[in-house]
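Working through the structure, step by step
Okay, here's what each chain looks like letter by letter:
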Amino acid sequence: MNYYYPNPYAYYNGGYTGSYYPYPNQQTPDSADEQSYIENILRLNLGKTVSVYMNFENSQWGSKIFKGKLEAAGKDHIIISDPSNNMRYLLLTIYLNYVTFDEEINYYYPYHTQK
């Protein structure tokens, strides 16, 4: 059985195209090796407004909050844009504490049950 999830690259010019593609390496719903990673959750929510809480231990910056539109997410980074100052931030996930969203998030995991 194949599972499908929203294409994280389906955001174009600020709108979601609604396209889907197969979930990588998904064979059956009982697959024991299926895991949920933070970058996958972030990719499902591209275009949403986020607050990214980061901690730069032993540095001059200490803790910092970055707010903006979620543009991209990878295994080791998050890219957000701040419309108030037209800045783009490339944030390394090694410093990530947590992320909050200003709206309901999209979440897909084969074993997650909907309420």
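To be clear, the structure that these remarks concern was listed above.
Here's what I pulled together on the structure shown here. (Residues numbered from 1 in each chain as written. Predicted model: local features only at pLDDT ≥ 70, side-chain atom pairs only at ≥ 80, totals over all residues. Heavy atoms only, no water.)

A few points about a nonpolar patch on the surface
A contiguous nonpolar surface patch, about 310 Å² in accessible area, is contributed by Leu92, Ile94 and Tyr95. With respect to the element layout, Ile94 can be found in the loop between β8 (87–92) and β9 (96–101). (Patch = residues over 30% accessible without salt bridge, like charges linked within 9 Å, V, L, I, M, F, W, Y side chains within 5 Å. Areas by Shrake-Rupley, 256 points an atom, 1.4 Å probe, with all protein chains shown as cover. Salt bridge = Lys/Arg side-chain N within 4 Å of Asp/Glu carboxyl O. Helix = DSSP H or I, 4+ residues; strand = E, 2+ residues; numbered from the N terminus.)

Some words on the side chain of Glu39
Mapped onto the elements, Glu39 comes out in helix α1 (residues 38–43). Every residue in contact with Glu39, bar those within four places of it in the chain, is listed here: Ala73, Gly74 and Lys75. (Contact = heavy atoms within 4.5 Å.)

Notes on the sheet that holds strand β7 (residues 77–82)
Across the sheet, five strands lie side by side as β8-β7-β6-β5-β9; this open sheet has antiparallel pairing. With one partner strand each, in any of the chains shown, β8 and β9 form the two edges of the open sheet. Neighbour-to-neighbour, the strand axes of this sheet turn through a mean angle of 40°, independent of strand direction. Judged from the four bridges that link them, strand β6 (residues 62–73) and β7 form a sheet pairing that is antiparallel. Counterpart to Lys69 in the pairing with β7 is Ser81. (Pairing = 2+ DSSP bridges. Axes fitted to C-alpha atoms, helices over the stretch in contact; angles between N-to-C directions.)

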